[in-house]
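What follows is the residue order along each chain.
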Amino acid sequence: MPPSPRSRASMISEENARTKILEAVRPLPPRKVSILQALDHFAAEDYFARLPLPNFDNSAMDGYAVLANDCKPDRRLRVAGEQPAGLDRRLRVSNGEAVRIFTGAPMPAGADAVVMQEDVTRDGDEITVNVDVEVDEFVRKRGCDLGEGQKIFGKGERIRATKLPLLASQGFAEVLVDGEVRAAIISTGDELAKLGEKLEPGKIYDSNTALLQSLLKRCGAVVASAENCRDDADSLRKAIQSTAKKEILIVSGGVSVGEHDLVQKTLRDLGAKIDIWRVAIKPGKPFLFGQLGGCFVFGLPGNPVSAFVTFLQFVRPAILKMMGASDLDLPRMPAKLTVDLINQSERAHYVRGEFENGNFAPVGRQESHALFGLSQSNALLRVETGESLKAGETVHIQVWE
Ligand code: AMP
Ligand code: MG
């Protein structure tokens with residue numbers, strides 16, 4: 001069926017929606033945190049190595065520091081001293097000598113190689129070297145891994161578990177990271193029952209709060225509060241008034257066109273500026289974005305898959321921008337499509353699927369209420385309006401796990 005011009009006219013494109021949101025939000029002021037709290041935050045400035053790695057020439061083995069060209073099989077050397085790790089005894093190795101050395105210990109002056117203890121025979125104050133030894137063998141040279149002044153990571157980069165110890169190796173006790181994004185969640189709907197409650201006929205358990213809490217945590221925001229609210233103007237007004245004090249407020253449900261969808265009207269009554277309502281995205285059309293005081297309000301459709309897709313496409317990049325991230329997009333991967341797909345709707349369709357061994361296969365029911373289907377998926381494929389894709393084609397998918 002061709003798209004009806006009326007419904008298309010009342011939606012804005014996904015690209016415009018994203019642009020509007022990203023123009024509205026700004027990076028928050030950065031703050032200093034201890035490096036242990038910096039995990040998964042974004043660096044708010046460039047970081048450079050204050051120390052080379054390694055910081056001094058040291059031994060890669062427990063063994064003997066020697067002069068390489070002084071060693072051949074059966075060569076006997078006098079053990080002139082012992083160099084443990086942790087204290088530089090400023091020893092020197094001359095021809096005919098070796099210094100007992102341990103992993104991580106500074107190389108004595110004169111020595112240019114370490115011979116493993118397994119490759120020598122010790123006899124009192126002497127060793128017999130049983131192998132040929134090459135210059136620099138088992139020596140970790142100063143700066144071979146990282147040079148002093150070298151950039152270790154850039155502003156806006158996420159501080160991952162492998163970057164954090166690098167900061168520690170440089171002696172940084174604190175790091176300047178992004179500002180904290182605090183988010184309040186209101187899940188609306190008369191049908192919602194809290195987890196643990198008895199389920200009365202006609203009710204459903206609230207699954208969106210758990211979804212939104214997980215997604216917020218995943219992108220590094222702090223869940224400041226989460227509450228349920230009935231589809232009743234008074235309760236909604238009170239709930240919004242008391243929570244729209246953080247950086248962002250996410251309201252789930254109640255943003256569509258039914259008589260019980262009161263979110264937009266309530267926001268307007270409270271003086272909010274509504275920047276976006278209805279986007280050409282499937283699922284997720286009723287998505288709403290506005291500002292109430294200094295708080296950015298995201299109204300997500302109540303259907304779980306719609307809430308999921310609109311969170312990833314609109315809320316996630318906004319949070320990442322507020323956190324000062326340089327990359328706001330989900331990772332994209334090439335994948336081989338396993339089936340034919342055609343999008344005849346007037347909205348870009350985000351197909352949920354499983355990405356495995358380089359293939360992308362749509363999974364579960366592709367309807368906005370189909371939470372089980374969503375739970376089996378690990379990637380999204382955006383199919384443009386009017387686009388027709390063939391099985392075997394390479395497509396670019398978004399992955400979130
Ligand atoms: P709404 O956007 O309020 O019109 O709701 C659309 C659909 O999503 C309805 O079937 C609701 O029951 C469902 N829904 C709304 N909120 C939630 C929620 N928190 N958890 C699970 N489903 C919900
Ligand atoms: Mg509702």
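Residues numbered from 1 in each chain as written. Chains lettered and ligands numbered in written order. Predicted model: local features only at pLDDT ≥ 70, side-chain atom pairs only at ≥ 80, totals over all residues. Heavy atoms only, no water.

A. Seen up close, the packing of helix H2 (residues 14-24) against helix H7 (residues 304-322). At their nearest, the axes of H2 and H7 sit 10 Å apart, and the two run at 25 degrees to each other. Looking at the two axes, H2 sits roughly parallel to H7. Classified by chirality, the crossing of H7 by H2 is right-handed. Contacts from Glu14, Ala17, Arg18, Ile21 and Leu22 of H2 reach H7 at Gln313, Phe314, Pro317, Ala318 and Lys321. Its residues placed into classes, the contact of H2 with H7 shows six nonpolar, one polar and three charged. (Axes fitted to C-alpha atoms, helices over the stretch in contact; angles between N-to-C directions. Helix = DSSP H or I, 4+ residues; strand = E, 2+ residues; numbered from the N terminus. Parallel < 35°, antiparallel > 145°, perpendicular 65-115°, else oblique. Left-handed = near helix turned anticlockwise from the far one by under 90°. Contact = heavy atoms within 4.5 Å. Nonpolar A, V, L, I, M, F, W, Y, C, P; charged D, E, K, R; others polar.)

B. Broad picture of helix H5 (residues 233-243). Every buried residue of H5 is listed here: Leu236, Ala239, Ile240 and Thr243. All buried residues of H5 fall inside an arc of 95 degrees around its axis, so they share one side. (Buried < 20%, exposed > 50% of the residue type's maximum accessible area, 1.4 Å probe, protein only. Arc of directions from axis to C-beta.)

C. Main features of the sheet that holds strand S4 (residues 63-66). Overall, mixed pairing links the six strands, which are arranged S7-S4-S6-S5-S9-S8 in an open sheet. Only two strands of the sheet have a single partner each, and these edge strands are strand S7 (113-116) and strand S8 (120-123). Strand-to-strand twist of the sheet, defined as the mean angle between neighbouring strand axes without regard to direction, takes the value 40 degrees. (Pairing = 2+ DSSP bridges.)

D. Focus on the layout of surface pockets. Size it by volume and the largest pocket reaches roughly 740 Å³. Around the largest pocket, the lining comprises 33 residues; the ones closest to its centre are Arg218, Arg316, Leu330, Val399 and Trp400. Among the secondary structure elements, those contributing two or more residues to the lining of the largest pocket are helix H4 (208-218), H7 and helix H8 (371-375). Examining the composition of the lining of the largest pocket, we find that six residues originate from one element, H7, more than from any other. Classifying every residue of the lining of the largest pocket by side-chain character gives 16 nonpolar, seven polar and 10 charged. There is about 530 Å³ of room inside the second largest pocket. Lining of the second largest pocket is provided by 35 residues; of these, Gly253, Pro301, Gly302, Asn303 and Pro304 occupy positions nearest its centre. Going through the elements one at a time, strand S15 (204-205), H7 and strand S24 (348-356) are the ones with two or more residues in the lining of the second largest pocket. (1 Å grid on protein atoms, 1.4 Å probe; cavity = no way out; pocket = protein on both sides within 12 Å on 5 of 7 lines; lining within 4 Å. Points joined across faces, edges and corners; volume = space filled by probe spheres on them.)

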